[in-house]
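# Chain and residue survey
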Amino acid sequence: QVQLVESGGGLVQAGGSLRLSCAASGMIFSINAMGWYRQAPGSQRELVAVITSGGSTNYADSVKGRFTVSRDNAKNTVYLQMNSLKPEDTAVYYCNADIRRIGYYGEYTYWGQGTQVTVSS
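Residues numbered from 1 in each chain as written. Predicted model: local features only at pLDDT ≥ 70, side-chain atom pairs only at ≥ 80, totals over all residues. Heavy atoms only, no water.

A few words on the overall build of the chain. A count of helices and strands for the chain gives zero helices and eleven strands. Secondary structure of the chain in N-to-C order comes out as β-β-β-β-β-β-β-β-β-β-β. Computed over the C-alpha atoms, the radius of gyration of the chain is 14 Å, within 12% of the 14 Å expected from 2.2 N^0.38 for a compact globule of 121 residues. With an accessible surface of roughly 6400 Å², the chain has 48% of that area assigned to carbon and sulfur atoms. Averaging the coordinates of the 10 positive side-chain charges in the chain and doing the same for the 8 negative ones gives two points 4 Å apart. (Helix = DSSP H or I, 4+ residues; strand = E, 2+ residues; numbered from the N terminus. Rg over C-alpha atoms; globule rule 2.2 N^0.38 Å. Areas by Shrake-Rupley, 256 points an atom, 1.4 Å probe, with all protein chains shown as cover. Lys, Arg positive; Asp, Glu negative; His and termini not counted. Charge placed at Lys NZ, Arg CZ, Asp CG, Glu CD.)

Quick look at the nonpolar core now. One recurring pattern in soluble globular proteins: nonpolar side chains tend to sit buried together. Of all hydrophobic cores here, the largest spans 31 residues; its most connected members are Leu4, Trp36, Leu80, Met82, Tyr93 and Ile99. Counting only elements with at least two residues in this core, the list comes to strand S3 (18-25), strand S4 (28-39), strand S5 (46-51), strand S7 (67-72), strand S8 (77-82), strand S9 (91-101) and strand S11 (115-120). Here this core takes five residues from S9, the largest share from any one element. (Core = buried A, V, L, I, M, F, W, Y, C linked by side-chain atoms within 4.5 Å. Buried < 20%, exposed > 50% of the residue type's maximum accessible area, 1.4 Å probe, protein only.)

Shown next as structure tokens:
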């Protein structure tokens with residue numbers, strides 16, 4: 001089976017920084033895009049950042065210039081460096097990845113369990 005596990009969430013004061021990590025494990029043949037989403041209470045889940053297998057990135061307008069997404073293909077891990085955090089960044093952050101599994105046909109999207117990020121004023 002394939003599993004994505006996030007880490008790095010927590011409580012931080014406005015203006016501070018956090019670095020989220022998400023590691024994929026299992027019988028993985030390849031990973032295409034990897035990304036980060038977030039969802040605040042009463043809000044829809046929104047895309048925060050995505051990075052393709054070729055290294056192309058895209059960010060939500062609200063985080064441009066503050067967040068940086070990167071990946072380590074050797075470790076099957078995607079990172080989200082969050083700087084200059086604001087209270088409105090408070091949400092549960094989920095990583096996802098488009099993965100082809102060894103011995104299976106097709107590419108499927110997998111999700112992590114989520115990690116809470118809380119930014120205080």
